[in-house]
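# Fold and geometry: a report
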Amino acid sequence: MRTGTDTGAAATGRRVPVTVLARDPISFEGAAGQLRRHPEIDLREESGPGTVALLVEDAFDEAALIRLRRLARGEEARTVLVVSTLRENELLDVVECGVGAIVWRQEATADRLARAVLAAARGDGDLPADLVGRLMSQVGSLHRGTSGRPGTPGTVLTPREVDVLRLVSEGLDTGEIARKLSYSERTVKNVMHGLTKRLHLRNRAHAVAYALREGYL
């Protein structure tokens, strides 16, 4: 996992538009106050194209899932979820709603929130290490339960796509993947873009979940 924040946006003069969504004013002001410490983040009242939506929840309940699905239908904002706990049966729902970054509330410092927001803005994933293992375990169980069914795809993903996704699942960023595979960063980005568009996947975390579910990883 990374430490510190990615300064790429600040270095290029671009600010990442972010909208904070919370059920109560204390949670809202807490998250917004943390993000205001980072000049590369541009807090806005409403989401739009290119905006990162930071959704702050305590318990993940049906209302939270509805809010995530509403954001997913809008297809305008990339989503970061800040939450206290997630049960395993909720994890895939969260990923398939387009959440690419998850932050535990107890770890939601200014730097941690900014790192998650910047990762989401780039289209990268940023999941706590314990959640990565739980996601792989859960999707592996689903795959084992459906492995005998007809229609399991055998040639949907190319070897190059599988190589890239395997490294994504290990938490590597675009630059690290490019160095590992001796590709350019543009090639890695093109592989991920083509894969997510072709299979109608929402982000890297969703792509990894798909590959795990279908038995590629």
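Residues numbered from 1 in each chain as written. Predicted model: local features only at pLDDT ≥ 70, side-chain atom pairs only at ≥ 80, totals over all residues. Heavy atoms only, no water.

## With respect to the confidence of the model for the protein chain
Confidence in the prediction for the protein chain averages 79 pLDDT; 81% of positions are at 70 or higher. Confidence drops under a pLDDT of 50 for residues 1–8, and excluding neighbours within four residues, the segment shows 21 contacts in the predicted structure. Taken together, the stretch residues 144–155 has pLDDT below 50 and engages in nine contacts with residues farther than four places along the chain or on a different chain. (pLDDT = per-residue confidence, 0-100. Contact = heavy atoms within 4.5 Å.)

## Some thoughts on the pattern of salt bridges
Summed over the entire model, instances satisfying the criterion amount to 10 salt bridges. Here R67 and E57 are joined by a salt bridge, their closest N and O atoms 3.3 Å apart. Residue R67 is located in helix 3 (residues 62–74), and its partner E57 is located in the loop between strand 3 (51–56) and helix 3; the two are separated by 10 residues in the primary sequence. Taking the relative accessible area as the measure of exposure, R67 reaches 21% and is therefore partly exposed. (Salt bridge = Lys/Arg side-chain N within 4 Å of Asp/Glu carboxyl O. Helix = DSSP H or I, 4+ residues; strand = E, 2+ residues; numbered from the N terminus. Buried < 20%, exposed > 50% of the residue type's maximum accessible area, 1.4 Å probe, protein only.)

## Section: the side chain of S169
Along the chain, the position of S169 falls in helix 7 (residues 159–169). Within the structure, S169 has its side chain in polar contact with the backbone oxygen of R166 (distance 2.6 Å). (Polar contact = N/O pair within 3.5 Å; in protein donor to acceptor, adjacent residues only side chain to side chain.)

## Overview of the packing of helix 7 against helix 9 (residues 185–198)
Orientation of helix 7 relative to helix 9, taken along the N-to-C sense of each, is 100 degrees, at an axis distance of 10 Å. Judged by the inter-axis angle, helix 7 sits roughly perpendicular to helix 9. Across the interface between the two elements, R160, E161, V164, L165 and V168 from helix 7 touch T187, V188, V191, M192, L195 and R198 from helix 9. Its residues placed into classes, the contact of helix 7 with helix 9 shows seven nonpolar, one polar and three charged. (Axes fitted to C-alpha atoms, helices over the stretch in contact; angles between N-to-C directions. Parallel < 35°, antiparallel > 145°, perpendicular 65-115°, else oblique. Nonpolar A, V, L, I, M, F, W, Y, C, P; charged D, E, K, R; others polar.)

## Thoughts on the pairing of strand 3
When a strand is regular, its side chains alternate between the sheet's two faces. In terms of burial, strand 3 is a largely internal element, six of the six residues being buried. Alternating positions in strand 3 separate into two faces, T51, A53 and L55 on one and V52, L54 and V56 on the other, with burial throughout. Bridge analysis of strand 1 (residues 16–22) against strand 3 gives five bridges, and the strand direction is parallel. For T19, the partnering residue across the bridge sits in strand 3 and is A53. (Pairing = 2+ DSSP bridges.)

## Things to note about the packing of helix 2 (residues 25–35) against helix 5 (residues 110–122)
The interhelical angle for the contact between helix 2 and helix 5, taken along N-to-C directions, is 80 degrees, at an axis separation of 8 Å. In this view, helix 2 runs roughly perpendicular relative to helix 5, as classed from their interaxial angle. Contacts between helix 2 and helix 5 pair A31, Q34 and L35 from the former with A110, L113, A114 and V117 from the latter.

## Comments concerning the nonpolar core
In terms of nonpolar packing, the biggest core is built from 21 residues, with V18, L35, L54, V80 and V117 touching the most fellow members. Sorting the residues of this core by element identifies strand 1, helix 2, strand 3, strand 4 (77–83), strand 5 (99–104) and helix 5 as the ones contributing at least two each. Looking at this core, the element that brings in the most residues is helix 5, giving six residues. In contact with V18, not counting residues within four places along its chain, are L35, I41, D42, L43, R44, T51, V52, L54 and V117. Of all hydrophobic cores here, the second largest spans 20 residues; its members include L167, A178, V191 and L195. (Core = buried A, V, L, I, M, F, W, Y, C linked by side-chain atoms within 4.5 Å.)

## Focus on the packing of aromatic side chains
This model, assessed by the stated rule, comprises zero aromatic pairs. Here R160 stacks its cationic end above the ring of Y183, 4.8 Å away from the centre of that ring. (Phe/Tyr/Trp six-rings, centres within 6.5 Å; stacked < 30°, edge-to-face > 60°. Lys NZ or Arg CZ within 6 Å of the ring centre and 35° of its normal.)

## Focus on unusual backbone geometry
The backbone of S182 shows a phi angle near 60 degrees, a positive value even though the residue is not glycine. Backbone geometry at H200 places phi at a positive 60 degrees, although glycine is not the residue there. Secondary-structure assignment places H200 in the loop between helix 9 and helix 10 (204–213).

## Concerning the environment of T196
With respect to the helices and strands, the residue T196 is situated in helix 9. With relative accessibility at 13%, the residue T196 sits in the buried group. The residues touching T196, leaving out its near neighbours within four places in the chain, are L201, N203 and A207.

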